Each structure stands twice: as C-alpha cells, then as structure tokens.
Amino acid sequence: MATIGLVRLPAWEAGIGALIILALSPPAIGQLDPGDRKNAVSQTCAQECHVDIWNRKVMHGPAATNCSACHLQGNPDDHNFFLVAKEDKLCQSCHDLPHKDKMHTPVREGRCLECHDPHGSDHANALLTDPVKLCITCHRDDFNSASFVHGPVAIGACVLCHEAHSSPRDHLLRDEARTLCLTCHDDVMDLKEGDHLHGALNEDCTACHDAHASDHRYQLHATAPELCATCHQDVMDAMTTDRAVVHGAILEEGGCSTCHAPHSSSLPGLQKMTQPKLCLTCHNKDMNDHHGQPLQNMQELLSTNANHHGPIREGLCTACHDPHSGDHFRLLVEEYPQDFYAPFDIEQYKLCFRCHIPDLVQSPKGTGLTEFRNGEQNLHWVHVNQEKGRTCRACHEVHASSRPAHIRESVPFGSSGWMLEINFAQSDVGGSCAPACHSAKTYDRTLLPGAPQLTPAIP
C-alpha cells in the first residue's frame, strides 16, 4: 500500500502557503479496484469530504491517486482550493493530444469537461453520461426518431466512425468514408470475376445513404426513382419525357431497384436476375396497363404452355419489349399492328422481322421459306399480305402455346371480345384448321406445282 503523508510546500506562484496532499509511490490506476482507492489517497479528501468521488466504476488517474496533481489548497480554515493551471490548459498538461487539421470544437476551445468528468464516472473514458446520449447533447437529437437508424448510431458508438478529438478529415472521420463503410459492409465488394459494378461504388457511399438515420430503408436519402434521378436525371428524362408508354415499375416506389441491383451484379445492366424470371416477379398476376386495359398473368401462361416463343426460351423479353419506356403499345421496341386486321405494310411489321425473314409475308411462293404452305403456295402471304390482312396474333400466341408453331387455341373477335376457336390440327404433310370464320381447310406441303390453291377467306 502506498505511503500517504502531509507535506508542507513553499509558496507557489502567487505566494500562497499550502498544504497539499501528495501520494508517494502511488500504484498504477490499473492496479486499483474501488475497494482499494480509499486507501490509496488522502484520508482527508477521500473519507471525510469527498466520499462520493471514489464510488465510481471508472476513475480519472490523478483523482484516484493524487488530488494535488490538479488541485492546490489555499487557506485550510476556509477549505479553499485552486486549480494548478487554467482550466483550458490543465488537461493538456498530461493529455498531449495530437492536433490534426479538423478538431472537435470542445477540444479546440479547451472545454474537456463538456464530455468528461474530471474525477470519475460510471462510463468508459470518464464520460459524463452514456455515449448514446452524450453526442446528441450537442449534435442532432432526432436520429432515433427516424424510421431507419444506422446500427452504430442506435447504440451510441459514434467513435466507430468519428474521432472524438481531432482528425485530418472532414466530420472528424477516422478514415475515408468509403473505407469506413466497407470495414463493416465488406460483402458489398465481394465481387466475382466478370461482375458488373455500379459506378457509384467507386465514389462515396453517402451519395445514396445517410450515415446516421433516414426515413427510407437502408438509410437511403430517398427512394427510387427519385434517388437514382439525383445522378441519372438525363436517363430518367429520356425514359419518361415525350414517351407514349412508360413501364409502370419505374414510377412506383422502389422504381429502378425493382429490376436493378444497387451495387453489383453478374448480369449486364446490373439486372437482379435473368429474364424472364425477373419480369415474372411482377407479371405473375392479373393487372392493368396504364390505360386500364388488362394484362395477362404471364407466369400462369408460361407455366401452363410449354411451347415458348424463342426470345422467352432464350431469356430475352427485352428483345421485344423496352424495359423502361417507348412509343409503341405494350412497350414494344418496334412497330407491330395492334389490331386483329390491318392493311399490309411491311413497315408495320418491323418487330417481327427483327428476327423473321420479311419474304415470309412478301413472297407468294413459300418453298424454302415456310412449312405453312399448300404445295408451293405461301399461306403466310395469303393470310397477311392483303388489304384486310390478318396480323400475326390472329393465329399465333406471341408468348407461349400448347400447340406447335405457337398456334393459338382461340382468338378474340369483334368489340365484344367473342373468342373464336381455331381448331388447328397438325399432320405429317401439313395441317388443318376450322375456325368460325370459315369452313375447315387443309394444307399439304407435298402437292405438286399446279395443284389447287387456297383462297383467303375473310369474314
């Protein structure tokens, strides 16, 4: 145990004679527990007057071992005490903090006691109060009122990201903002070879996320599409301004992030998943388009009809549909007749002939072009290439069918939506159909030139 004694000192600076309490050979603070502290300091200070100071979990070193390190007694009869140095210099006599470019205001102004108790505390580093409450006594106090609070903020661990005293960086950050974020969120950069990275990740995460709290999920500054538009306004304008049709998913809350991964993806365009799986996350139910017209439950159609159109088999819904906006109905990327009947114009069939050969409907003879022929007569030409031609959808289901060549079971006819069954049947040499618009007709590819030709039947 340390030897404690009273020593009379000569007058100090102002000539005041004083009795001060000295701790001779004091033990280190780490060697003291609360039960020993009373025995390690002056009996006069510890037991007779200032008992409350020694009952704290965390003691300031001098307060636990040597009161005279900070205090000087004046007239013993008046029990007067003085600090041995000015308050703004006293702490610095022991705590020589490195002064970096950016300093916490209380540190710069020597107001250490705004955060620390000079004797001791029930909190680490002798803080005045719980760290959860301490910082918000000066800083924003509405973090916890937000809907989504960053974990370190919620538990008062501000010093995980901020230096308490000084830093070479703005906002007293302990490191560059992006580096700080990745110390906890390293999974964001867990990339595989060939992955596509959102360019924003090369910048500051706080461009999208509030580092403390927000009313938006993931502490975002806003929800998409408003958030995305802060950087991609030109893209947003191009997608929505003066376009006849805008994909509803873009304008709904969540917007871009419905289809695109915000950080990285193994797929081009930062797609969250492959098509059509991605499209079916929304098109898995009955819904209406922006004009209030019904849209088919595409998941149900594809799951119950095994014969899928080529682009769907290849996972390319965007081969026919623009995922953002367009000037054609159903977000089609090219012209395509919307009506059941339409006068033939090859310009109106640009969509289909991005993949199919235009001669399919332009040539009267179909040998080498199509299997839908009677001898050499091209029956696509018969049905489509005329003043009141049938459009492709009159016979074909453009997404999926249970019949070969995507032949439909039935087609809508008239304004009432009356459904006409096609009754198509395939044979080894051709096939037949018997819709309500004409009597049963059969075609045969093996017929020799000069055989009777089929004539178009228009109801």
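Only a predicted model underlies this, so the values are computations on that prediction, with no experimental measurement involved. (Residues numbered from 1 in each chain as written. Predicted model: local features only at pLDDT ≥ 70, side-chain atom pairs only at ≥ 80, totals over all residues. Heavy atoms only, no water.)

1. Section: the overall build of the chain
When its secondary structure is counted, the chain shows 14 helices and 27 strands. Of all 459 residues assigned to the chain, the portion counted as buried reaches 33%. Sequence-distant contacts in the chain: of pairs separated by 6 or more residues, those separated by 24 or more amount to 45%. Summed over its atoms, the accessible surface of the chain is roughly 27,500 Å², and 55% of this surface lies on carbon and sulfur atoms. (Helix = DSSP H or I, 4+ residues; strand = E, 2+ residues; numbered from the N terminus. Buried < 20%, exposed > 50% of the residue type's maximum accessible area, 1.4 Å probe, protein only. Contact = heavy atoms within 4.5 Å. Areas by Shrake-Rupley, 256 points an atom, 1.4 Å probe, with all protein chains shown as cover.)

2. What about the pattern of salt bridges?
Within the structure shown, the criterion is met by 12 salt bridges. In this structure, the salt-bridge partner of K102 is D170, at a minimum N-O distance of 3.4 Å. You can see K102 sitting in strand β6 (residues 102–103) and its partner D170 sitting in the loop between β9 (166–167) and α8 (177–184), a full 68 residues away along the chain. In this structure K102 comes out as partly exposed when scored by relative accessible area, which is 34%. The partly exposed category is assigned to D170, whose relative accessible area is 47%. In this structure, R111 engages E114 in a salt bridge whose closest nitrogen and oxygen atoms are separated by 2.3 Å. Since its relative accessible area comes to 36%, E114 is described here as partly exposed. Through salt bridges with shared partners, one network takes in E109, R111 and E114. (Salt bridge = Lys/Arg side-chain N within 4 Å of Asp/Glu carboxyl O.)

3. Topic: the sheet that holds strand β26 (residues 430–433)
A sheet is described by the order of its strands in space; here three strands give the open sequence β25-β26-β27, paired in antiparallel fashion. On the outer flanks of this sheet lie β25 (425–426) and β27 (441–444), each paired with one strand and no other. (Pairing = 2+ DSSP bridges.)

4. Details of the nonpolar core
Of all hydrophobic cores here, the largest spans 11 residues; its members are F340, Y341, L379, V382, A394, I407, V411, L420, I422, F424 and Y443. Setting aside residues up to four positions removed in sequence, V411 forms contacts with F340, R393, A394, W418, M419, L420 and I422. Judged by nonpolar contacts, the second largest core, of seven residues, contains C45, I53, M59 and A64. (Core = buried A, V, L, I, M, F, W, Y, C linked by side-chain atoms within 4.5 Å.)

5. Regarding the confidence of the model for the chain
Averaged over every residue, the pLDDT of the chain is 83; the share at 70 or more is 88%. Mean pLDDT across the secondary structure elements of the chain bottoms out at strand β2 (residues 16–24), with 31, and peaks at helix α11 (residues 298–304), with 95. Considering only residues more than four positions removed or in separate chains, one finds that residues 1–32, a stretch of pLDDT under 50, has 52 contacts. (pLDDT = per-residue confidence, 0-100.)

6. A few points about the side chain of S265
Along the polypeptide, S265 turns up in strand β13 (residues 264–265). Taking the relative accessible area as the measure of exposure, S265 reaches 9% and is therefore buried. Within the structure, the side chain of S265 is placed 3.0 Å from the backbone nitrogen of L267, a separation counted as a polar contact. Side-chain polar atoms of S265 contact the backbone oxygen of Q271, separated by 2.5 Å. Once residues lying within four places of it in the same chain are set aside, the contact partners of S265 are D195, H196, L270 and Q271. (Polar contact = N/O pair within 3.5 Å; in protein donor to acceptor, adjacent residues only side chain to side chain.)

7. Considerations on unusual backbone geometry
Geometrically, the link from A224 to P225 is a cis peptide bond, its omega value of 10 degrees lying close to zero. Here P225 lies in the loop between β11 (213–214) and α9 (226–240). In the segment running from Q275 into P276, the intervening peptide bond is cis, with an omega of 0 degrees. Tracing the backbone shows P276 in the loop between β13 and β14 (287–288). You will see that A126, though not glycine, has its phi angle at about 55 degrees, which is positive. Take A126: it is sitting in the loop between β7 (120–121) and α6 (131–134). Look at Y218: it is not a glycine, yet its phi comes out positive at around 65 degrees.

8. A few points about the environment of T129
With respect to the helices and strands, the residue T129 is situated in the loop between β7 and α6. According to the relative accessible area criterion, T129 is partly exposed, its value standing at 23%. Residue contacts for T129: discarding those within four places in its chain leaves H123 and L134.

9. Description of the pairing of β26
Sheet topology note: the β25/β26 ladder contains two bridges and is antiparallel. Bridge assignment links A425 to a residue of β26, and that residue is S432. Counting the residues in the hairpin turn of β25 and β26 gives three residues.

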